[in-house]
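Report on the structure
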Amino acid sequence: MDIKELRIKAQEDIKSAQNLDELNKIFKKYLGKRGELTLILRSLKNLPDKQRKEQGRITNKIKQEIETELQNQKQRLQVSGSTGKFQESIDISAPGRKITIGHLHPLTLVRRQTEEIFQNMGFSVVEGPEIETEWYNFDALNIPKDHPARDAWDTLWLKNKLLLRTHTSPVQIRYMQKHHPPFRIIVPGRVFRHEATDASHDVQFYHLEGLMIGKDVSVANFRAIIGEFFQKFFNKDIKIRLRPGFFPFVEPGFEIDISCIVCQGKGCSVCKRTGWVETLGAGMVHPSVLKNSGIISNSMTGRWQGFAFGIGLDRLAMMKYKIDDIRLFYSSDLRFLKQF
Ligand code: FA5
């Protein structure tokens, strides 16, 4: 058969193939080991030089065209779903692949919600370094070197008298050094303590410091703001208890407990069977702290004064999501994290 006739015949055969099996047969018929075109290509070697070159060029061109047509027809048949040996058909009844969704860590959720509530009450969010100097973490906060309060926060010391901050209170000083009152800020951040862990204590946890300085800012203002915060955070009325507490950087100082939401005040591991959970420390900023930060508080300057507080965000998250062990937050356990 003339090569051009073969070309037309192959084209017709390919077009008429109804499925991949038939197409495979056509491939073998023309391009298989003993295929018609393969044999023509093999026979070229017997031709004289000049003729061989010319015939070789034409035959190879036709071979390429047939291969392209076979490939195109194969794709057409696959899309239309015809059955056959080479078929890689799409099974539209197969279940889809599940897309895994990421989760925000419960502490991130709590931090964001807390920030939003305070921002709505006019507080700005400020951050500070996790590695602190002794001066910012202790001295400037009115905690002298030999003061027992330094033992209350078992410190993780680094080289050159640097330390991992034990609370976010040093950011009070850093902020007041650079800003003039009135202001109200919150400072969320990680803090570290070298202490034994239990269901409600860990070696790293999150604090949210609050600081409000103005003319005649009082304990009553603090009580109103913190009450509003808890009401919004838990979306219900929460019982709050103020106990006298000692922090060298405030005077007077308080510890604020909220009724345990995990056990409804009945007693559980989170509240150590007391029905109350210690959630924050607070008080009126000590005049020495204002002075150390460059703010003079006396009647001549119009009495800059205010309150500060430090909330344990992990404890809030435990209450909100009814988690009875703080260590779960840092366990990286996906079974735990996937619930949020
Ligand atoms: C302080 O760290 C003070 N800087 C807070 C403060 C700020 C007082 C401003 C006055 C004015 P305290 O050590 O109590 O205070 O910690 C504050 C809160 O952090 C506690 O009420 C508690 O909720 C939480 N907390 C304390 N230790 C741990 C711990 N080991 N693990 C988890 N949460 C803790």
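1. Some points on the sheet that holds strand S10 (residues 304-312)
Pairing is mixed in the open sheet, where seven strands are placed in the order S1-S5-S6-S10-S9-S8-S7. The open sheet has two edge strands, strand S1 (124-125) and strand S7 (240-244), and neither has a second partner. Relative to S10, strand S9 (residues 276-285) runs antiparallel, the two being bridged by five bridges. Note that in S10 the partner of Ala282 across the bridge is Phe309.

2. A word on the nonpolar core
Counting 45 residues, the largest nonpolar core has Phe118, Ile226, Phe229, Phe230 and Phe309 as the members making the most contacts within it. Contributing elements (two or more residues each) for this core: helix H5 (106-120), strand S6 (204-215), helix H9 (219-234), strand S8 (250-259), S9, S10, helix H11 (313-321) and helix H12 (334-337). Here this core gets seven residues from one element, more than from any other, and that element is H9. In this structure, Phe309 is in contact with Phe118, Leu208, Glu209, Gly210, Phe222, Ile226, Leu280, Gly281 and Ala282, ignoring residues within four places of it in sequence. Formed by 26 residues, the second largest nonpolar core is a distinct cluster that contains Leu141, Trp153, Met176 and Leu290.

3. Thoughts on the environment of Ser218
Mapped onto the secondary structure, Ser218 falls in the loop between S6 and H9. Aside from chain neighbours lying at most four places away, what touches Ser218 is Met284 and Phe307.

4. Here we look at the domain arrangement of the protein
Splitting the protein by domain gives domain 1 (3-80) and domain 2 (106-337). Here the C-alpha centroids of domain 1 and domain 2 sit 81 Å apart.

5. Things to note about the site of the ligand
Neighbouring the ligand are 26 residues, the closest being Trp153, His167, Ser169, Arg193 and Glu195. The separation between an oxygen atom of the ligand and a polar side-chain atom of His207 is 3.0 Å. At 3.3 Å from an oxygen atom of the ligand is found a main-chain nitrogen or oxygen belonging to Leu280. In isolation the ligand offers 680 Å² of accessible surface; the protein chains occlude 96% of this area. If you list the elements that add at least two residues to the shell around the ligand, you get S6, S9 and S10. Broken down by element, the residue count for the shell around the ligand peaks at five residues, all from S9. Tallied by class, the residues present in the shell around the ligand amount to ten nonpolar, ten polar and six charged.

6. A short note on the packing of helix H2 (residues 20-31) against helix H3 (residues 36-43)
Following both chains from N to C, one finds H2 and H3 inclined at 20 degrees, their axes separated by 3 Å at the closest point. One element, H2, and the other, H3, form an angle in the roughly parallel class. Along the contact surface, H2 presents Lys29, Tyr30 and Leu31, while H3 presents Glu36, Leu37 and Thr38. Considered class by class, the residues forming the contact of H2 with H3 number three nonpolar, one polar and two charged.

7. Side note on the pattern of salt bridges
Counting across every chain of the model gives 18 salt bridges. Here Glu54 ties to Arg57 by a salt bridge, and the two come within 3.4 Å at their closest N and O atoms. Taken together, the residues Glu54 and Arg57, both in helix H4 (residues 49-79) and three residues apart, mark about one turn of the helix. Between Asp333 and Arg335 there is a salt bridge, with its nearest N and O atoms 2.8 Å apart. Bridged by salt links that share partners, the residues Arg7, Lys61, Glu65 and Glu69 form one connected network.

8. Here we look at the side chain of Glu209
Along the polypeptide, Glu209 turns up in strand S6. Here Glu209 sits buried without a salt bridge, and the closest side chain of opposite charge, Arg193, lies 8.3 Å off (N-O distance). Reaching out from Glu209, the side chain makes a polar contact with the side chain of Ser169 at a distance of 2.8 Å.

9. Regarding the packing of aromatic side chains
Scanning all chains against the criterion turns up 18 aromatic pairs. An angle of 85 degrees between the planes, with centres 6.5 Å apart, marks the rings of Phe329 and Tyr330 as edge-to-face. A relative accessible area of 3% means that Phe329 is categorised as buried. Classification of Tyr330 by relative accessible area gives partly exposed; the value is 24%. Following the ring pairs from residue to residue traces out a cluster consisting of Phe118, Phe123, Phe222, Phe229, Phe230, Phe233, Phe234, Phe254, Phe307 and Phe309.

Definitions and limits used
- Residues numbered from 1 in each chain as written.
- Predicted model: local features only at pLDDT ≥ 70, side-chain atom pairs only at ≥ 80, totals over all residues.
- Heavy atoms only, no water.
- Pairing = 2+ DSSP bridges.
- Helix = DSSP H or I, 4+ residues; strand = E, 2+ residues; numbered from the N terminus.
- Core = buried A, V, L, I, M, F, W, Y, C linked by side-chain atoms within 4.5 Å.
- Buried < 20%, exposed > 50% of the residue type's maximum accessible area, 1.4 Å probe, protein only.
- Contact = heavy atoms within 4.5 Å.
- Domains from an automatic or database assignment.
- Near = heavy atom within 4 Å.
- Polar contact = N/O pair within 3.5 Å; in protein donor to acceptor, adjacent residues only side chain to side chain.
- Areas by Shrake-Rupley, 256 points an atom, 1.4 Å probe, with all protein chains shown as cover.
- Nonpolar A, V, L, I, M, F, W, Y, C, P; charged D, E, K, R; others polar.
- Axes fitted to C-alpha atoms, helices over the stretch in contact; angles between N-to-C directions.
- Parallel < 35°, antiparallel > 145°, perpendicular 65-115°, else oblique.
- Salt bridge = Lys/Arg side-chain N within 4 Å of Asp/Glu carboxyl O.
- Lys, Arg positive; Asp, Glu negative; His and termini not counted.
- Phe/Tyr/Trp six-rings, centres within 6.5 Å; stacked < 30°, edge-to-face > 60°.

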